[in-house]
Amino acid sequence: MNAPHFVCPFCGLLCDDLPFPGTSGLLQTACPKAAEGWAAIRATGDARVDGVAVAEAAAVRAASAALAKARRPLIGGLAGDVQMMRAALALADRCGARVVHANQAAAQRNLFALQSRGAVATTLAEARQRADLVVVVGGDVTRRFPRIMERLFAPAPVFVDAAQRRLALLGVDALEYAPAGVSAERVDCGGLDLFDAVGALRACCEDRIDARMAPAGLAALAERMQSCRYGLLLWAAGDLDFAGADLLVEQLQQLLQDLNRETRWAALPLAGSGGDLTANAVAAWQTGFALPLEFRDGEVAGDAFPDYSDVDLLLWLAVLPGLTFPDWARDVPVVAIGAPGLAPPGARVFIPAAVPGVEAAGHLVRTDGVVTLYAPAQTASAHPAAATQLERIAAALEPPC
Ligand code: SF4
């Protein structure tokens, strides 16, 4: 029997062209991020309560009891698949919990801009087949998404001459994983910061200023952006970690709209690692709101600026690696469902669960947000999927939680 098709769950690109690594080390040499993710997870681990190994059923009962007692629970982390997120929302509804992804601050940089002025975005496939100018903005996206250039600059694109493709770096010095055969040209912004550089680009593209008044590097880029046939602005919101980043994203989207009057441009805001797009997509499908959410008295509402100072229990979900546990939660009692190897520090209860795409089948939303990929299990698992563990906790809850 053929091995099931492997979908790599270790970043939002969800590459599906590599063989499952097993013990061969193939994936590890193909991608450093995949190697890191692979190294972070373990095949088996004990369920634990107060640091003592227990049967999974006992840990589920302890989790359920803690949740029933909590007055202001928060379900966080959320690094998992569609099925896990659906079960998390059902539990939140039942317990009156708030819900937030660990990467939410980064996700909101794109989300606020979208809500404010709209967005023009494209897919990996369209960008690969059409883009003749790619401009990377604000950070080396290849550190978070090591194979993105390989995915974009594939040989023999259908609608663009491969030799004509260009790559420019705006506010980025260099790429760690540059595409083969395409040189990355750093744009000299003449000392302007990213906000002013994008403002100058917009002014040049709209002919609001004489291009000679802008730094020469930006004026030249504006000219190339106006004359290309299909341009792509590429960023990862996680790299835009500074005040007002949502306003920068809004400016980038406005620049795209300006350019689309004469030629064709789109954005590809990279995301989806640690299940952040998956969690937000499921929240939007099921409630009409993006995260963060608050369930209370049978109602649900979006809560864009939450205050978690009164959280008395954190239910942390992480069956995919790469999350940063929040500093503010270090003194909060934690119940965790996670892949073995991903237990947060000091968790009072830990329930092991299978990794989607490796030990459990699951669905994950890809970085461009238009494809929800089925990631089949590759190996048998010693533990159930996170969704199953959440459903067990819910089943063990005493009413009225
Ligand atoms: S780029 Fe991302 S999805 Fe692709 S192999 Fe690396 S970690 Fe996996």
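Residues numbered from 1 in each chain as written. Predicted model: local features only at pLDDT ≥ 70, side-chain atom pairs only at ≥ 80, totals over all residues.

**Q** It is not clear to me how the domain arrangement of the protein chain should be interpreted in this structure. Could you clarify?
**A** By a widely used convention, the size of an interface equals the accessible area lost when the partners come together. Domain parsing of the protein chain yields domain 1 (43-103 + 274-396) and domain 2 (106-270). One C-alpha centre belongs to domain 1, the other to domain 2, and the line joining them spans 34 Å. With 8 residues of domain 1 at the contact, the number on the domain 2 side is 7 residues. Looking at the side of domain 1 that touches domain 2 residue by residue, the classes come out as 2 nonpolar, 4 polar and 2 charged. (Domains from an automatic or database assignment. Contact = placed C-beta atoms within 7 Å. Nonpolar A, V, L, I, M, F, W, Y, C, P; charged D, E, K, R; others polar.)

**Q** Whenever I open this one, the pairing of strand β13 (residues 334-338) confuses me. Can you help?
**A** Note on strand geometry: in a regular strand, side chains alternate between the two faces of the sheet. Counting buried positions over the 5 residues of β13 gives 5, a clear majority of the element. Alternating positions in β13 separate into two faces, Val334, Ala336 and Gly338 on one and Val335 and Ile337 on the other, with burial throughout. Looking at chain direction, strand β12 (residues 313-318) and β13 are connected through 5 bridges and run parallel. Its bridge partner lying in β13, leucine 314 is registered against valine 334. With 4 bridges joining them, β13 and strand β14 (residues 349-352) adopt parallel strand pairing. Across the sheet, residue valine 335 finds its bridge partner in β14, namely valine 349. (Buried ≥ 20, exposed ≤ 12 C-beta atoms within 10 Å, placed from the backbone. Helix = DSSP H or I, 4+ residues; strand = E, 2+ residues; numbered from the N terminus. Pairing = 2+ DSSP bridges.)

**Q** Would you take a moment to explain the sheet that holds strand β7 (residues 184-186) for this structure?
**A** Strand pairing in a sheet relies on backbone hydrogen bonds. The paired strands run either parallel or antiparallel. Taken in spatial order, the 5 strands make up an open sheet running β7-β6-β5-β8-β9, and their pairing is parallel. In this open sheet, the two edge strands, each paired with only one partner strand, are β7 and β9 (264-270). The mean inter-strand angle of the sheet, taken between neighbouring strand axes irrespective of direction, is 25°. Pairing of strand β5 (residues 133-137) with strand β8 (residues 230-236), which is carried by 4 bridges, proceeds in the parallel orientation. Each residue of the ladder has a partner; that of leucine 133, found in β8, is glycine 231. (Axes fitted to C-alpha atoms, helices over the stretch in contact; angles between N-to-C directions.)

**Q** Please explain the packing of helix α3 (residues 56-69) against helix α13 (residues 386-396) as it appears in this structure.
**A** Axis angle and axis distance: for two packed helices, these are the angle between their axes and the distance between the axes, and together they describe the pair. Remark: α3 packs on α13, axes separated minimally by 8 Å, with the N-to-C direction vectors making an angle of 60°. Classified by the interaxial angle, the pair formed by α3 and α13 is oblique. In terms of crossing hand, the pair formed by α3 and α13 is right-handed. For the pair α3 and α13, the contacting residues are Val60, Arg61, Ala63, Ser64 and Leu67 in the first and Gln389, Arg392, Ile393 and Ala396 in the second. Broken down by class, the residue content of the contact of α3 with α13 amounts to 5 nonpolar, 2 polar and 2 charged. (Parallel < 35°, antiparallel > 145°, perpendicular 65-115°, else oblique. Left-handed = near helix turned anticlockwise from the far one by under 90°.)

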